[in-house]
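# Structure assessment
So you can see what is in the structure, the chains are spelled out below.
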Amino acid sequence: MEIERKFLIQAENLPSDLSQYPCLHIEQGYLCTEPVVRIRRQNDDYYLTYKSKGFLAREEYNLPLTKQSYAHLKEKADGIVISKDRYILPEKNGLSIELDIFHEAYEGLLLAEVEFPSQEDAENYIPPLWFGEDVTYSSKYHNSTLSKGDWVL
């Protein structure tokens, strides 16, 4: 079960020292958006992911892929293959912030996600001051929606 909240970030509010945090280079495409079936390259690792419907909480299953399998499936992806850098920043109470800086079609889009051990923790979370609008309950900001390519910044 994935329990997360998602927030828009304004570029002027980004932490100035991002280079000190781990960064993952991510490319992902969608074979299906209902239900969500995604392929992802994360640095040199490759995954096939299934996600159920939902906003704050939803099921998520990851299966490893080979580089060759990923390349084969990438050709079958619908819409836009999303490219982004994900910085992992420490957050209070042992949590982590996953800060996504999008490239190419969504250059300028910045989203922060925080995953929680329980729905209660998620609902009681007070975000840092540099976070913007809470878009947890907006499907507009699901990567599967972005992959359709009909969203404009």
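What comes next is a walk through the structure. All of these numbers come straight from a predicted model, not from anything done at the bench. Along every chain, residues carry numbers that run from 1 in the direction the sequence is written. Thresholds applied to this predicted model are a pLDDT of at least 70 for local features of residues and 80 or more for the giving and counting of side-chain atom pairs; totals over whole chains, interfaces and linings are not thresholded and use all residues. Side-chain measures were taken over the full set of non-hydrogen atoms in the model, leaving aside hydrogen atoms and water.

This paragraph deals with unusual backbone geometry. What you tend to see is this: most non-glycine residues have negative phi, and most peptide bonds are trans. Backbone torsion omega between Glu34 and Pro35 reads -5°, so that peptide bond is classified as cis. If you trace the backbone, Pro35 turns up in the loop between strand S2 (23-33) and strand S3 (36-42). Positive phi is not limited to glycine here, since Asn93 has a value of about 60°. Inspection of the secondary structure puts Asn93 in the loop between strand S7 (78-90) and strand S8 (96-102). Per-residue accessibility, obtained with a 1.4 Å probe over protein chains only, is compared with the maximum for each type, and a residue is labelled buried under 20%, exposed over 50%, and partly exposed between these values. On the basis of relative accessible area, Asn93 is assigned to the exposed category, the value being 72%. For helices the rule is a DSSP run of H or I covering at least 4 residues; for strands it is a run of E covering at least 2, with both sets numbered from the N terminus onward.

Take the side chain of Thr136 next. Residue position: Thr136 is located in the loop between helix H2 (119-124) and helix H3 (143-146). The buried category is assigned to Thr136, whose relative accessible area is 5%. For the purposes of these results, a polar contact is taken to be a pair of N or O atoms within 3.5 Å, where, inside protein, one atom must be able to donate a hydrogen and its partner to accept one; residues adjacent in sequence count only when each atom of the pair is a side-chain atom. At 2.9 Å, the side chain of Thr136 and the backbone nitrogen of Lys6 are in polar contact. Discounting residues that sit within four places of it in the chain, Thr136 has contacts with Glu4, Arg5, Lys6, Phe55 and Leu56. For this analysis, residues touch if any pair of their heavy atoms sits within 4.5 Å.

The next subject is the pattern of salt bridges. Put simply, a salt bridge is a Lys or Arg side-chain nitrogen that is within 4 Å of an Asp or Glu carboxyl oxygen. In total, this model carries 12 salt bridges according to the counting rule given. Measuring nitrogen to oxygen at the nearest pair gives 3.8 Å for the salt bridge that ties Arg86 to Glu113. Linking Arg86 in strand S7 with Glu113 in strand S9 (residues 110-115), this pair joins segments that are 27 residues apart in sequence. Each member of the salt-bridge network shares a partner with another, and the members are Lys6, Lys84, Arg86, Glu98, Asp100 and Glu113.

Put simply, two rings from Phe, Tyr or Trp (the six-membered ring, in Trp's case) pair if the centres are within 6.5 Å, and we call them stacked under 30 degrees between planes, edge-to-face over 60, tilted for the rest. Applying the stated criterion across every chain yields a total of six aromatic pairs. Judged by centre distance (6.3 Å) and plane angle (55°), the ring pair of Phe7 and Tyr125 falls under tilted. One end of the pair, Phe7, is in strand S1 (residues 2-8); the other, Tyr125, is in the loop between H2 and H3, and 118 residues separate them in sequence. Here Phe7 falls in the buried class, since its relative accessible area comes to 1%. Ring geometry for Phe7 versus Phe131: centroids 4.9 Å apart, planes at 50°, classification tilted. Here Phe7 is found in strand S1, whereas its partner Phe131 is found in the loop between H2 and H3, with 124 residues between them in sequence. Three or more aromatic residues joined by ring pairs make a cluster, and in this case those are Phe7, Phe116, Tyr125, Trp130 and Phe131.

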